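Results of the structural survey
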Amino acid sequence: MPIFRPLLLTLALVLPGFAQPGVAATQAGKVVYAYGDVRAVADGGATRALGRGDAFGAGDTIVTREGRAQLRFSDGGFAALQPDTEYRIEDYHFEGKADGGERSFLNLLRGSVRLVTGLIGRANKQNFRLRTPVATIGIRGTSGKISHCEANCGERGPGTSLAGYGGEWDLNSGAFSGPVKPGQAKFCNGASCFDIPGFGQRSEVENDGGTLAEGDSGEDGDDSGGAGTTEPVFQAGVQTGDDGLCVLGNCAQAEILVATGLNAAAVMNDRPTDGDTGSGEDLAVVLRNGEPIAVVDLDTDSTGTPEVFLLTTDLNAVRTAVEGIASPALRNGLLAVLDALPDSAISALNENPASVAPGDFGRTSDNQLVFGRWQNGSILEVEADPIGGITDLELRRLEGFASEHFIFGPDPVFVPVSGRATYALTGATRSTSTDGKTIGDGVVSGKLSFDFTTRSGLIDFTVRHASRLFLSSGTLELDGLKSFRDDDVTGFSQASPGGPTFLHGVLIEGFFAGRNGNQAPLAAGLSYVIQRTEADIIGVAGFGLTDFVPVSIAPVPNGSFVGFAHGFEDNGTLAALALGFVVDGASNLAFQQNGVVVDFFTGGDPACLAGCALDALDAVAIRDATGPGGATSLPTLGVSWARFADNFDAEHAALDAEVGSAHVIAATMPTPVAAIPNLGSGQQGVYNLLRGGTRPTVVYETNGSPAGERVGQLTSASVAINFDNGDVNASFAGSFPDGAGTALWNLSGAPVSTCPGSAGCFVRSQPVHTLDLTGQVLSSRISNPQASNFDCSDGCFLSGRTRFDLIGSNAPGGIAGAYQAETDQSIEPAFSLSGTYVLQGSVGPVP
């Protein structure tokens, strides 16, 4: 589903002074993940680094030398770029809907990119095109992977490969022209295209009926045909489990069995008292008589060089599995690694190999994941290149309760880019201490929730170990497409309720698993380390999906009114801003999530000479229940409101950092100009029934120090418009807790003698109306020793403004607006106020 940011740079050509040097001139989307060296090269050669949240657009070439990047396009499309990739945005245009004028023309110069297409091209196929040096690709489908190699390309030589995961693709190269269906893969050399053997030998059907290739390697694979090819890893000749979970007796009986396409996590005894977590995607697990004895990962390192990772307790079983690989190049490369192992390591492992703890090996209760631990012996970890060069080797000995824990499950293939999922505990290994002295019950309760829109999650779990409870909670973040890790997780332990507590650091790495169509993956597995001075506590746990709430982000319809209010710090003093604009799809853009505006850009409000913007895509919307019966919106009037307390970005060229909450209100049914009474009509509108809006927030200083934000109440509001002569009157009043009781504030505005045409006048043809406000705030807590009035006990003067629009599709039956106010801090203590409102009333004759 699409995620939008304000198209700031599209407007740079329209709004003087807003252009930002070194940024794309026409935005196509934003970077949602960047690791390592990721850069954009513009048409003129200017280069800039790209990080999460940065914009890219037409004319940019995205370059990943020793890095990775994930790009989200404004039409909902998604691209995952692997290392050493050059991906050019030749031309891109999208205005929120497929109306025929949209286009997405891309060019893969080198490297690999995994694509999920968006709205562009669904209705008008000719509007999407991806070129490589030897091929042109169009769409009749949704997902796939394209790679292009020019040098050191292996057996196939230079060329382009296309692997279809979902839907169909149109492929043209030389004499070849035709579709690439799900589960198919083609390699093109410029003269023609050929099938890639082995790809898609086994496929499964998604819940929604679409077909997904079993060989999907996610963002880490490389099906370019060169060295390091990982699709498919194990070919015919080796019995392979259907989903990697038949290891507990449901597979065809075989001494050696290989399960592929798995995601996994593990935690190991890194040092005598320390634990170390790890996770991976698209792995293979080798099993002997139903028990895991090895994990194999074929990938590329940070320089793009192919590498092999092997973790095993039985080298003979691994050799048997490798000898069954159909691909000579892959088979010989892995055998070269095994042959290069030193005799001393082989002997030590064979002498006393670790085994799977029988009481800790099983499936999760939802049947989605397999977990267990190795104990009582040695385990060998190897990193190597595919021609036998050993780059790292470690033989670890597990004694006492010392263990290496593992958990794995089938790759989900699809992970949503929006929506919120909740997972509950379904199984776990018993916890062990890294010094081998103690064993516990492991995770006994827990919950994991994840917001795929923000790529972040929350974890809360309890481990019972050696008569102590360890309670851990904090935030997670995606680390790739299907893996996650701790962002800020901490914990504490106590021997008994009410007893002394001890704080602990917590490490987590995990993954998503289980195919579920275009919904959230069915399961999540993780490894954890609870850090202690004496010895860490380690284990793994599985969680099953209990709930998924899709989140849609869409443009706010053109013609809608958007109001905004917010506090700022301007040159060291508190200030506030209230603005309003009408969405026009050009200079004024807005996007909504679950009916709330979370993203906008405007250059159409006079207060935003060089543009104002809000990005609250990663923020939690606070929906104040101020409507009738506790409603948080008024659907019959087309009005919604919300405020954001943190994790958002508000921009204004003339103001500095944000202070306090941001308030938004949107009205999708403003009153048409034809329905508004004319000047001389003898009509007036009186709107004094408060029907909703955000609760006002205030920021102030006590004795010159910030007192923090307070949330108050709008207790009354009224706006009267004399349509006959253009006069506008308004009044607002409210309260807030100031720490010493209840503080009060009021604002009012009155017409000036030169209406219409001056501030405080209603001009029928204007879509947004403005009224300047004045008033006072009364509070003994608002004080500043440097101000002439020490505090506001007797009232401090306020000046402010409201921006509003008439609502009601057939007549002006209401008003939606935003308001703000602040003190003059050269003579008064610091104070600012922000909020939004909805009023209803009626139109009748002027008395």
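Note that this is a predicted model, so its numbers are computed, not measured.

**What about the packing of helix 1 (residues 315-323) against helix 2 (residues 328-339)?**
- Put simply, helix 1 and helix 2 touch, their axes get as near as 9 Å, and they point 160° apart. Comparing their axes, helix 2 and helix 1 come out roughly antiparallel. Of the two possible hands of crossing, helix 1 and helix 2 adopt the one that is left-handed. Along its contact with helix 1, which presents L315, V318, R319, V322 and E323, the element helix 2 presents R331, L334, L335, L338 and D339.
- By residue class, the composition of the contact of helix 1 with helix 2 is six nonpolar, no polar and four charged.

**What to know about the sheet that holds strand 44 (residues 649-652)**
- One open sheet accounts for five strands, arranged 35-38-39-40-44; its pairing is antiparallel. Since the sheet does not close on itself, it has two edges, and those belong to strand 35 (553-555) and strand 44, each with one partner. Pairs of neighbouring strands in the sheet enclose a mean axial angle of 20°, with direction left out of account.
- By the bridge criterion, four bridges tie strand 40 (residues 612-615) to strand 44 in an arrangement that is antiparallel. Across the sheet, A613 pairs through a bridge with E651, a residue of strand 44.

**A closer look at the nonpolar core**
- Formed by 34 residues in total, the largest nonpolar core has its most connected members in L71, F73, Y87, L115, L130 and L171.
- Among the elements that take part in this core, strand 9 (residues 103-116) stands out by supplying four residues, more than any other.
- Ignoring anything within four residues of it in the chain, the contact list for L71 reads K30, V31, V32, F56, I62, G77, F78, A79, L81 and Y87.
- Counting 33 residues, the second-largest nonpolar core is a separate cluster that includes I676, F732, W745 and Y837.

**Section: the pattern of salt bridges**
- For the structure shown, the criterion picks out 25 salt bridges.
- Note that E86 and R110 form a salt bridge whose closest N and O atoms lie 4.0 Å from each other. You can see E86 sitting in strand 8 (residues 85-93) and its partner R110 sitting in strand 9, a full 24 residues away along the chain.
- Between R430 and D360 there is a salt bridge, with the nearest N and O atoms lying 3.5 Å from each other. Placement of R430 in the loop between strand 26 (420-428) and strand 27 (432-433) and of D360 in the loop between strand 22 (355-356) and strand 23 (362-363) is noted, with a sequence separation of 70 residues between them.
- Linked by salt bridges that have partners in common, E381, E394, R396 and E404 make up one network.

**Details of the state of the cysteines**
- In total, this model carries two disulfides according to the counting rule given.
- Sulfur-sulfur distance for the disulfide between C188 and C193 comes to 2.1 Å. Judged by the torsion about the S-S bond (105°), the C188/C193 disulfide is right-handed. Of the two residues, C188 and C193, both sit in the buried class.
- Between the sulfur atoms of C792 and its disulfide mate C796 the distance is 2.0 Å. One quick way to see it: the torsion about the S-S bond of C792 and C796 is about -95°, and its sign makes the bridge left-handed. In this structure, C792 and C796 share a single accessibility class: buried.

**Details of helix 1**
- Of all the positions in helix 1, only L315, A317, V318, A321 and V322 are classed as buried. Down the axis of helix 1, the sector holding all buried residues measures 160°, keeping them to one side.
- Its side-chain oxygen 3.1 Å from the backbone nitrogen of N316, D314 forms the N-cap of helix 1.

**Description of the side chain of D451**
- Its place among the elements puts D451 in strand 28 (residues 442-451).
- By relative accessible area, which is 13% here, D451 ends up buried.
- Side-chain polar atoms of D451 contact the side chain of R420, separated by 3.0 Å.
- Not counting the four nearest positions on each side in its chain, D451 is found in contact with G419, R420 and S456.

**Details of the packing of aromatic side chains**
- Using the criterion set out here, one finds 21 aromatic pairs in the structure.
- Residues F732 and Y819 carry aromatic rings whose centres are separated by 5.4 Å and whose planes lie at 25° to one another, so their mutual orientation is stacked. You can see F732 sitting in strand 50 (residues 728-737) and its partner Y819 sitting in strand 54 (residues 814-823), a full 87 residues away along the chain. Comparing F732 with Y819 shows no difference in burial state: the two are buried.
- Members of the aromatic cluster, connected to one another through ring pairs, are Y423, F450, F452, F484 and F512.

Parameters and conventions
Residues numbered from 1 in each chain as written. Predicted model: local features only at pLDDT ≥ 70, side-chain atom pairs only at ≥ 80, totals over all residues. Heavy atoms only, no water. Axes fitted to C-alpha atoms, helices over the stretch in contact; angles between N-to-C directions. Helix = DSSP H or I, 4+ residues; strand = E, 2+ residues; numbered from the N terminus. Parallel < 35°, antiparallel > 145°, perpendicular 65-115°, else oblique. Left-handed = near helix turned anticlockwise from the far one by under 90°. Contact = heavy atoms within 4.5 Å. Nonpolar A, V, L, I, M, F, W, Y, C, P; charged D, E, K, R; others polar. Pairing = 2+ DSSP bridges. Core = buried A, V, L, I, M, F, W, Y, C linked by side-chain atoms within 4.5 Å. Buried < 20%, exposed > 50% of the residue type's maximum accessible area, 1.4 Å probe, protein only. Salt bridge = Lys/Arg side-chain N within 4 Å of Asp/Glu carboxyl O. Disulfide = S-S within 2.5 Å. Arc of directions from axis to C-beta. Polar contact = N/O pair within 3.5 Å; in protein donor to acceptor, adjacent residues only side chain to side chain. Phe/Tyr/Trp six-rings, centres within 6.5 Å; stacked < 30°, edge-to-face > 60°.

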